[in-house]
Each structure stands twice: as structure tokens, then as C-alpha cells.
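# Overview (structure and organization)
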Amino acid sequence: IDTINMAEYGRMFFGNTATVISPNDSYSLALEDELKWKVYPSAWKQIYTRILLNKVRNYEKTIYPLFNRCHVVSDVDAQYLRRLDKRIRIVTIPNGVDLDYFRPYDTESDGKTCLFVGNLGAGNGRYVEIFVDTVWRKLMKKHPNSKLLLVGKGIKASLKNMCSKIGGIEYL
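No experiment lies behind these values; they were computed from the predicted model shown.

All chains considered together, the criterion is met by 0 aromatic pairs. Taking NZ or CZ as reference, Lys45 lies 4.7 Å from the ring centre of Tyr40, over its face.

The complete set of buried residues in helix 3 (residues 75–84) reads Asp77, Ala78, Tyr80, Leu81 and Leu84. Projected onto a plane normal to the axis of helix 3, the buried residues spread over an arc of 165° and lie on a single side. In helix 3, the exposed residues that point more than 90 degrees away from the buried face are Asp75, Val76 and Arg83. Residues of helix 3 that are buried make contact with helix 1 (27–36), helix 2 (43–63), strand 2 (69–72) and strand 3 (90–92).

Moving on to the packing of helix 1 against helix 2. Interaxial distance between helix 1 and helix 2 falls to 8 Å at its minimum, and their mutual angle equals 155°. It follows that helix 1 is roughly antiparallel to helix 2 by the angle criterion. Considering how the two elements wind past one another, helix 1 and helix 2 form a crossing that is left-handed. For the pair helix 1 and helix 2, contact is made by Tyr27, Ser28, Leu31, Glu32, Glu34 and Leu35 and by Gln46, Thr49, Arg50, Leu52, Leu53, Val56, Arg57 and Glu60, respectively. Along the lines of polarity and charge, the residues of the contact of helix 1 with helix 2 split into 6 nonpolar, 3 polar and 5 charged.

A few words now on the side chain of Glu129. Relative to the helices and strands, Glu129 is located in helix 4 (residues 122–142). Here Arg126 takes part through its side chain, which lies 3.1 Å from a polar atom of the side chain of Glu129. Glu129 has contacts with Ser158, Leu159 and Met162, leaving out every residue within four places of it along the chain.

Okay, the side chain of Glu34 next. Among the secondary structure elements, Glu34 is positioned in helix 1. Comment: no salt bridge for buried Glu34; closest opposite-charge side chain is Lys45, at 6.5 Å. A distance of 3.2 Å separates polar atoms of two side chains, one belonging to Glu34 and the other to Tyr40. Excluding residues within four positions of it along the chain, Glu34 makes contact with Val39, Tyr40, Thr49 and Tyr127.

Within the chain, Asn24 stands out as a residue other than glycine whose phi angle is a positive 70°. Residue placement: Asn24 occurs in strand 1 (residues 20–24). For Asn24, a relative accessible area of 29% puts it in the partly exposed group. Backbone geometry at Lys38 places phi at a positive 50°, although glycine is not the residue there. Turning to its location among the elements, Lys38 is positioned in the loop between helix 1 and helix 2.

Moving on to the environment of Arg89. Relative to the elements of secondary structure, Arg89 occurs in the loop between helix 3 and strand 3. For the pair Arg89 and Glu108, spaced 19 residues apart in sequence, the C-alpha to C-alpha distance is 44 Å. Apart from the residues lying within four places of it in its own chain, the contact partners of Arg89 are Pro65, Leu66, Phe67, Asn68, Arg69 and Cys70. Polar contacts involving the side chain of Arg89 include one to the main-chain carbonyl oxygen of Pro65, which spans 3.1 Å.

Turning our eyes to something else, we now look at helix 2. Helix length check: helix 2, at 21 residues, gives a terminal C-alpha distance of 30 Å against a target of 30 Å (1.5 Å per residue), a fit within 8%. Residues of helix 2 that are buried make contact with helix 1 and helix 3.

What follows covers the sheet that holds strand 5 (residues 147–151). Strand order in this open sheet of 3 strands is 4-5-6, and the pairing throughout is parallel. With one partner strand each, in any of the chains shown, strand 4 (113–117) and strand 6 (169–171) form the two edges of the open sheet. Recorded for the sheet is a direction-independent mean angle of 15° between the axes of neighbouring strands. Both strand 5 and strand 6 contribute to a ladder of 3 bridges, which runs parallel. Its bridge partner lying in strand 6, Leu149 is registered against Glu170.

The rules behind the values
- Residues numbered from 1 in each chain as written.
- Predicted model: local features only at pLDDT ≥ 70, side-chain atom pairs only at ≥ 80, totals over all residues.
- Heavy atoms only, no water.
- Phe/Tyr/Trp six-rings, centres within 6.5 Å; stacked < 30°, edge-to-face > 60°.
- Lys NZ or Arg CZ within 6 Å of the ring centre and 35° of its normal.
- Buried < 20%, exposed > 50% of the residue type's maximum accessible area, 1.4 Å probe, protein only.
- Helix = DSSP H or I, 4+ residues; strand = E, 2+ residues; numbered from the N terminus.
- Arc of directions from axis to C-beta.
- Contact = heavy atoms within 4.5 Å.
- Axes fitted to C-alpha atoms, helices over the stretch in contact; angles between N-to-C directions.
- Parallel < 35°, antiparallel > 145°, perpendicular 65-115°, else oblique.
- Left-handed = near helix turned anticlockwise from the far one by under 90°.
- Nonpolar A, V, L, I, M, F, W, Y, C, P; charged D, E, K, R; others polar.
- Polar contact = N/O pair within 3.5 Å; in protein donor to acceptor, adjacent residues only side chain to side chain.
- Lys, Arg positive; Asp, Glu negative; His and termini not counted.
- Salt bridge = Lys/Arg side-chain N within 4 Å of Asp/Glu carboxyl O.
- Expected span 1.5 Å × (residues − 1).
- Pairing = 2+ DSSP bridges.

Quick look at the structure:
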């Protein structure tokens, strides 16, 4: 089973065959991070996220131990889920890169360029805003020749505005 949303279908196989849930990461940990980083400025959205967090945490605690294995891609998520319920049998398999196919270019790096590739709307966009506002702003004061390239669609006007004020940022 590939996602938390599909976990209920695993019940059809419990006891008959080996089962693996592969959520890749803990949804409740992601929700905790969203609350910690104040991703949603609206009080109503924060309340909703807290309610959702409790439901998701209980669901992960209840359903994941029923699977023979629970696959995540990071040790952070594995440790979190182990603290959530010691009965969850976790295996960590990081995201991989085919180094025979993906090779670095034979070019010199200036060492001052950062790159973000992903959807710049919704949650990712808010995380990029937090990064730009808290990290990039400080970095630009110490290293004014640095460059941040944002590659993706859905960039919000608020992020464009912030980028133009701080400087050193291009979006493609």
C-alpha cells in the first residue's frame, strides 16, 4: 500500500500475505512541523490542523502496527513513528539516485548558487517563503553575491514581492 489514504485496503490482506505500508514519511510529523513553523497564519486553519493532527496521529498509531512493515525514507520519520508506537515495524529506505544516469556536469561551481525545484504554490510555497524570510535574508547580509534559483510553477505574489525586496533570487 503506497499511501496513508490507501491503508484501509491493507485490511483485506492482513493474515493472508505479507503487507507493507509505504507512506514515505509521517503525515502527523508533517502536520506538527506546519504548526511549529506557522505555515498557516489563519487561526482557523491552525485550529483545523491541530484537530487533523490528532486524528492522523491516532490513525498512524492504530493502522501502521497492523502491517508487517512500514517504509519511510528518512531516519527522522522512523524515529518519530517509533516514539508514536513501538509496535510499528519500520524500515528506512532513502530516496535513491541512479548515479550511472545522473552525473554532475564537468563545470566549475561558483559555490554561491542555491537551487529549489518544486511546486511554488500551496505548502511548498509557504516553506520557501519561510526559508527566504528567515535564512536567505540573513545569508544575503553576509554573502551579497549569492543567488537562489526557484524553479517551479504556482509562485504567489507575496513570495515574488519578498524575493524582490531581499534580492539575489530568480524564479523560473
